[in-house]
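Each chain is listed here by its residues.
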Amino acid sequence: MRKLIIAIDGPVGSGKSTLARRVAALLGYLYIDTGAMYRSVALKAARCGVSLDAADQLAALAGETRIDLRQLAGATEGTQQVLLDGEDVTALIRTPEVAQAASKVALVPGVRKVLVAEQRRAGERGGVVMEGRDIGSVVFPEAQLKIFLTASPEIRADRRWREHQQKGDAIDLARTLEEIHERDRRDRERTNSPLVKAKDAVVVDSTAMEPEEVARLVVMLAKEHASANTSETLRHNR
Ligand code: DC
């Protein structure tokens, strides 16, 4: 069966990472979390003292940064290790501060240009599940399967809050909801590659669905697409 590019886009807390990771594991595909790349640039900017308003400096910084996304096997299967210039920053990029900074860094066209080029290189051979905000609309408009995952803001805030609680971070639910609204606004309203549903994306509302249910649905769609694409190719080759 042909190896697809599966694009998963959606707002913060919609369950994209859980879904993308699970689908990649079920299909034996590579999982790529593009948000981690924006987060890594944001972390580096903070460390280097580059202002989040300095677009040119941020773009230059992105250009001279090496971000490696490594797939971990074994017990940690499906998780992705993030290396920023060789340093493991997997946990460091998951703070609310880095999340806010990443959504500002993501506003800069020069940063997006650098990261989108890397994302295309990483996924062009197919057999990949890539999650982000603009994967189906900008990075891989030709992706064979595009999912736009949504959930109500309250559910998304609750999920994010639980994640932080589990890690032992003291974080306020009302503040989490405010931050979600803030990031949603920034992601949707930016002029460059805003969060939009690609025309041909399948909308999945995960508000009342179990993560495994959503994953099985997407795997089913992927298998349908892969076999449809295979018979297309066979027909063309005849
Ligand atoms: O998915 P995330 O929360 O890790 O993403 C961090 C920020 O990066 C988010 O506010 C929006 C931005 N982002 C983006 O603009 N485009 C992507 N493809 C992925 C993330």
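Just above, that's the structure.
Being a predicted model, the structure only gives us computed values, none of them experimental.

Next up on the list: the site of the ligand. Near the ligand there are 15 residues, and of these Arg39, Arg112, Arg133, Asp134 and Arg190 occur at the shortest range. Arg133 places a side-chain nitrogen or oxygen 2.9 Å from an oxygen atom of the ligand. In the environment of the ligand, a nitrogen atom lies 2.8 Å from a nitrogen or oxygen atom belonging to the side chain of Asp134. The fraction of the free accessible surface of the ligand (450 Å²) that becomes covered by protein chains is 97%. Mapped by element, the contributors of at least two residues to the shell around the ligand are α2 (35-48), α4 (96-105) and α8 (173-189). Sort the elements by how many residues they give to the shell around the ligand and α2 lands first, with three residues. Residues belonging to the shell around the ligand are distributed by class as follows: three nonpolar, four polar and eight charged.

Attention now goes to helix α3 (residues 55-63). All of the buried residues in α3 are Leu58, Ala59, Leu61 and Ala62. All buried residues of α3 fall inside an arc of 160° around its axis, so they share one side. Structural note: α3 exposes Asp56 and Gly63 on the side pointing more than 90 degrees away from its buried face. The inward-facing, buried residues of α3 contact α2, α4 and α5 (109-123).

Residue placement: Asp187 occurs in helix α8. Separated by 123 residues in sequence, Asp187 and Glu64 place their C-alpha atoms 25 Å apart. In contact with Asp187, other than residues within four places in its own chain, are Ser103, Arg133, Pro194 and Leu195. Reaching out from Asp187, the side chain makes a polar contact with the side chain of Arg133 at a distance of 3.1 Å.

Take the side chain of Asp9 next. Within the secondary structure, Asp9 sits in strand β1 (residues 5-9). This buried residue, Asp9, is left without a salt bridge; Arg133 holds the nearest opposite charge, at 6.9 Å. A polar side-chain atom of Asp9 sits 3.1 Å from the main-chain amide nitrogen of Asp134. Those residues within four positions of Asp9 in sequence are excluded, and the remaining contacts are Lys16, Gly132, Arg133, Asp134, Ile135, Gly136, Ser137, Ile147, Phe148 and Leu149.

So, on to the packing of helix α7 (residues 153-166) against α8. Relative orientation of the contacting elements α7 and α8 amounts to 115°, with a least axis distance of 9 Å. α7 and α8 meet at a crossing whose hand is right-handed. Counted together, Pro153, Glu154, Arg156, Ala157, Asp158, Arg160 and Trp161 of α7 and Leu173, Thr176, Leu177, Ile180, His181, Arg183, Asp184 and Arg188 of α8 form the full contact between these two elements. Grouping the constituent residues of the contact of α7 with α8 by class yields six nonpolar, two polar and seven charged.

Below, the discussion takes up the pattern of salt bridges. Scanning all chains against the criterion turns up 17 salt bridges. Residues Glu212 and Arg22 are paired through a salt bridge, measuring 2.8 Å at the closest nitrogen-oxygen approach. One end of the pair, Glu212, is in helix α9 (residues 211-237); the other, Arg22, is in helix α1 (residues 16-27), and 190 residues separate them in sequence. Note on Glu212: relative accessible area 31%, which makes it partly exposed. You can call Arg22 partly exposed: its relative accessible area is 31%. For Arg175, the salt bridge is made with Glu179, and the minimal N-O distance between the two is 3.4 Å. Of this pair, Arg175 and Glu179 both sit in helix α8, four residues apart, which is roughly one turn of the helix.

This next bit is on the environment of Ala101. Note that Ala101 resides in helix α4. In contact with Ala101, not counting residues within four places along its chain, are Ala42 and Leu52.

Across the sheet, five strands lie side by side as β2-β6-β1-β7-β8; this open sheet has parallel pairing. Every other strand in the sheet has two partners, leaving β2 (30-33) and β8 (202-205) as the edge strands with one partner each. For this sheet, the mean inter-axis angle between neighbouring strands, taken without regard to orientation, is 20°. Bridge analysis of β1 against strand β7 (residues 145-150) gives four bridges, and the strand direction is parallel. For Asp9, the partnering residue across the bridge sits in β7 and is Phe148. Packed on one face of the sheet, α1 meets β1, β2, β6 (128-132) and β7 and runs near 175° to β6.

What counts and what doesn't
Residues numbered from 1 in each chain as written. Predicted model: local features only at pLDDT ≥ 70, side-chain atom pairs only at ≥ 80, totals over all residues. Heavy atoms only, no water. Near = heavy atom within 4 Å. Polar contact = N/O pair within 3.5 Å; in protein donor to acceptor, adjacent residues only side chain to side chain. Areas by Shrake-Rupley, 256 points an atom, 1.4 Å probe, with all protein chains shown as cover. Helix = DSSP H or I, 4+ residues; strand = E, 2+ residues; numbered from the N terminus. Nonpolar A, V, L, I, M, F, W, Y, C, P; charged D, E, K, R; others polar. Buried < 20%, exposed > 50% of the residue type's maximum accessible area, 1.4 Å probe, protein only. Arc of directions from axis to C-beta. Contact = heavy atoms within 4.5 Å. Lys, Arg positive; Asp, Glu negative; His and termini not counted. Salt bridge = Lys/Arg side-chain N within 4 Å of Asp/Glu carboxyl O. Axes fitted to C-alpha atoms, helices over the stretch in contact; angles between N-to-C directions. Left-handed = near helix turned anticlockwise from the far one by under 90°. Pairing = 2+ DSSP bridges.

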